[in-house]
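In case you want the letters, here they are:
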Amino acid sequence: MKVCFLNDSFPPVIDGVVNVLLNYAEYMRRDHGAEIIVGTPEYPDADYSAYEYPVVAYPSFDTADVTNGYRTGNPLSGKEISRLAAFQPDIIHTHCPASATVIARILREQTGAPVIYTYHTKYDIDIRRYVKNKTLADQTIRAMVSNIEACDEIWVVSRGAGESLKGLGFQGDFRVMNNGVDFAKGRADEEAVDAATAGYDLPDGIPVFLYVGRLITYKGLPLILEALKILDEAGQDFRMVFVGKGPDRELLEQRAAELGIGGKCIFTGPVYDRDVLRAWNTRADLFLFPSTFDTNGLVVREAAACGLASVLIRDSCAAEGITDGRNGFTIDETPESMAELLKKVCGNIPHLKEVGQHAMDEIYLSWQECVSEAYRRYEEVLELKARGLLPARQKDPTDYLVSFTAHRMQSAEDLRQFLSQDGEQLKLLGDEWGEGMRHYKAGMMDNNMDPDGDAGETSLQLAALSEKLREQYAASKARRKELAAMARQLYEERAAENRQKREAWVSGIEERIEEQQQERIRDDRIGGV
C-alpha cells in the first residue's frame, strides 16, 4: 500500500502532531511494508535526507510571528504537488485542516485516492488567539470546517474531540482512532533518572509534580500555580517541574514569583530526548494536566507508560478512560479542587504509585497497536471504494474550484515535462552538431583533413545534422502550438463542466428550498385544521 501523509509541520518543528506523523510513517513501513511519502511546508535549512522515505517540501511563507513558530505552506505549488501525485498513493492522510488538506483534495482529483483527515487539536482556539477580528476569525474557522467536510473519512483522537468538532459546525460522521505513545512500558532506570535530573533542587522525600507540554495559559497552567499557592500556605512542601517551551513561559515564571512559590517551581525548557522525558516521568510523583484544550492528552499516556498517575479535569477529553482514584484523578476546574486533592495524596505516596501502576496497565497504548488499527482501516476504506460503497460526501462550492485547479496543474505539469523532453532532444542534437563542427575546424587548421576526403565527409555530416536540427525545431514548434490548442480546449471544457456542476448544485439547493417551503405550507394548513 502507498500512503501519502500531509501536515503543515514536520521536523525541524516538533509538536504532538509531528510526533504522530513520524510514528505512523515508521510503523506503517516497519510492520506493514507500506510505501510512504510526506508533504510539508518548506523550512529554511531543513534537511530531509536522513529519512527512509521521500519528504516533499513545498514553498511556504514566514508566518512564525503570528503562528507561534509555524510557516504557512502554499497549496498551489504545481511542481511539488506533481511529485506527490506521481507517487500514485492509495491513501491520502492529512493531519492539518489548512494547506495540507487543500493539497490532499487536489491530489484526490489527480489520483483518485480517498482522503482521510485526523482532527488532532482545537485549532479554533489558536485562530481566535492570533486573529483578533471576530468576523475574520469566524470565517477562517468556517473555511477550515468546510475543508474537513470535503474529506472522505474523518478521524478524531477522542470522543470529546469529535464533539468539539461538531461544535464548530461540522456536519458529518467521525471515527475515534486513538494515538499511542513511543515510550516503552516501564520506568526508567535509576541511573537515567539521576542523569536527567542532576543539578535541579529535588530533595528526597519532597513530592514532585510534573507538567510536560507547551507553556501557554489556555492549557490550565495558571490553575496549577494558584493551587500550589494554596498548598504552600497549608504548609506542604513540594517541587513543581514544567518541561517545555511556549509563548507564556515568562508570564508563568513571573506569576509563580508573585505567588511566592517561584523557588519551588522549575522551568527546564524544552526536552527533545525521549529517554530524558521518560526519566522525568519516572522521577515525578504525580502528573498535573488541567487542560480542557487538548483533544487527547498524549502526555497523559506517556506518563502512564512510566507508572505515573495524572490529575485531570473531570469530563475533559484527556480524562476519557480515567476512573477517579483507580488509574488517575479527576477534579473540578478550580484551584481549590486541585489543592484539596494534592493535600490528600501528598500524605499517601504509596497510593500514588498504586494508581500509577493501574494507569500503566489500563490506559497505556503503544504506537504499534494504534498504527496497526489505522492500517486495517485503510484497507477497509479501499475495499469500500473498490465496491463503490464509500459514503458520498456533501458537495461544497469549493469542490469545483479544487477540481478545476487540479486539472490546470496537471495540464501545466504535462506541458512542462513535454517542453523539458523536447528541449533535451534539441540540446543533444545541438551538442552533436557543435562537436562535429569543432572536429572539422580543428582538422582543417592542422591540415589533417583532405578537403576532398575527410573534410568533405565531415561537411556532409554537419549538413545532415543541421537539416535534422531544423526538422526537429520545426516539429517541436508545431507540437507546442498543437499542445497549446489542446490546453485551451481542455480549459474551456473544464470551465464548462464546472459551470454545469455549479448550476446543478444551485438548482438542487433551490429545489430543496422549494420542497421545504411546500412542506411548511402543508404543515400550516394541517395545523389550521
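Use the structure listed above.
Since the structure is predicted, the reported quantities are computational estimates derived from the model, not experimental observations.

Quick rundown of the overall build of the protein chain? Include the residues and the values.
Scanning the protein chain for helices and strands turns up 16 helices and 15 strands. Going through the 529 residues of the protein chain one by one, you find that 47% of them count as buried. In the protein chain, of all internal contacts separated by at least 6 residues, the share reaching a separation of at least 24 is 70%. Of the roughly 26,400 Å² of accessible surface on the protein chain, a fraction of 50% belongs to carbon and sulfur atoms.

Now, about helix H2 (residues 78–86): what can you tell me, with residues and values included?
Among all positions in H2, only Glu80, Ile81, Ser82, Leu84 and Ala85 are buried. Phi turns positive, to about 55 degrees, at glutamine 88, one or two residues after H2.

Residues and numbers for the packing of helix H1 (residues 16–32) against helix H14 (residues 367–386), please.
Look at H1 against H14: their axes get within 9 Å of each other, and the N-to-C directions meet at 75 degrees. Taken together, the axes of H1 and H14 lie roughly perpendicular to each other. The residues of H14 that touch H1, namely those facing Asn19, Val20, Asn23, Tyr24, Tyr27, Met28, Arg30, Asp31 and His32, are Trp367, Gln368, Val371, Ser372, Ala374, Tyr375 and Tyr378. Per-class residue counts for the contact of H1 with H14 are nine nonpolar, five polar and two charged.

Now, about unusual backbone geometry: what can you tell me, with residues and values included?
Here the amide bond leading from proline 11 into proline 12 is cis, since omega sits at 20 degrees, within 30 degrees of zero. Summarising the element assignment, proline 12 is placed in the loop between strand E1 (2–6) and H1.

Requested: an account of the sheet that holds strand E12 (residues 265–269), with residues and values cited.
Strand order in the open sheet formed by six strands is E12-E11-E10-E13-E14-E15, and the pairing between neighbours is parallel. Strands with a single pairing partner mark the edges of an open sheet, and in this sheet they are E12 and strand E15 (329–331). Neighbouring strand axes in the sheet, compared pairwise and without regard to direction, differ in orientation by 25 degrees on average. Pairing of strand E13 (residues 286–289) with strand E14 (residues 310–313), which is carried by three bridges, proceeds in the parallel orientation. Within E14, the residue paired with phenylalanine 287 across the bridge is serine 310. Sheet contacts for helix H8 (residues 221–233): strand E10 (208–212), strand E11 (239–243), E12 and E13; angle to E11, the most-contacted strand, approximately 170 degrees.

Go over the side chain of threonine 295 with me, naming the residues and quoting the values.
With respect to the helices and strands, threonine 295 occurs in the loop between E13 and helix H11 (298–305). Given the relative accessible area of 2%, threonine 295 is considered buried. The residues contacting threonine 295, other than those within four sequence positions of it, are Tyr119, His120, Thr121, Lys122, Val157, Ser158, Ala161 and Cys317.

Requested: an account of the pattern of salt bridges, with residues and values cited.
One pass over the full model with this rule turns up 23 salt bridges. Between arginine 175 and glutamate 153 there is a salt bridge, and its shortest N-O distance comes to 3.9 Å. Of this pair, arginine 175 sits in strand E9 (residues 175–176) while glutamate 153 sits in strand E8 (residues 153–156), and the two are 22 residues apart along the sequence. On the accessibility criterion, glutamate 153 (13% relative accessible area) is buried. As a salt-bridge pair, glutamate 258 and arginine 255 come within 3.2 Å of each other at their nearest N and O atoms. One end of the pair is glutamate 258 and the other is arginine 255, both in helix H9 (residues 249–258) and three residues apart, which spans about a single turn. Residue classification places arginine 255 among the partly exposed positions, given a relative accessible area of 32%.

About the thresholds
Starting from 1, residues in each chain are numbered consecutively following that chain's sequence as written. Totals for whole chains, interfaces and linings use every residue, but because this is a predicted model, local features are given only for residues with pLDDT of at least 70 and side-chain atom pairs only at 80 or more, for both listing and counting. Derived side-chain values reflect all non-hydrogen atoms in the structure, with water molecules and hydrogen atoms excluded from consideration. Numbering of helices and strands runs from the N terminus; a helix is a DSSP stretch of H or I covering at least four residues, while a strand is a stretch of E covering at least two. Each residue is assigned to one of three classes by its accessible area relative to the maximum for its type, calculated with a 1.4 Å probe on protein chains only: buried under 20%, partly exposed between the two thresholds, exposed over 50%. In this analysis, two residues are considered to be in contact whenever any of their non-hydrogen atoms come within 4.5 Å of each other. Accessible surface area values rest on a Shrake-Rupley calculation with a 1.4 Å probe, where residue burial reflects the displayed protein chains alone. Only the contacting stretch of a helix is used when fitting its axis, a line to C-alpha atoms as for every element, and angles between N-to-C directions run 0 to 180 degrees. Any angle that is under 35 degrees is reported as roughly parallel, and any over 145 degrees as roughly antiparallel; angles of 65 to 115 degrees are reported as roughly perpendicular and all others as oblique. Each residue is assigned to one class: nonpolar for Ala, Val, Leu, Ile, Met, Phe, Trp, Tyr, Cys and Pro, charged for Asp, Glu, Lys and Arg, and polar for all the others, Gly among them. What makes two strands pair is DSSP finding at least two bridges between them. When a carboxyl oxygen of Asp or Glu lies within 4 Å of a side-chain nitrogen of Lys or Arg, that pair is called a salt bridge.

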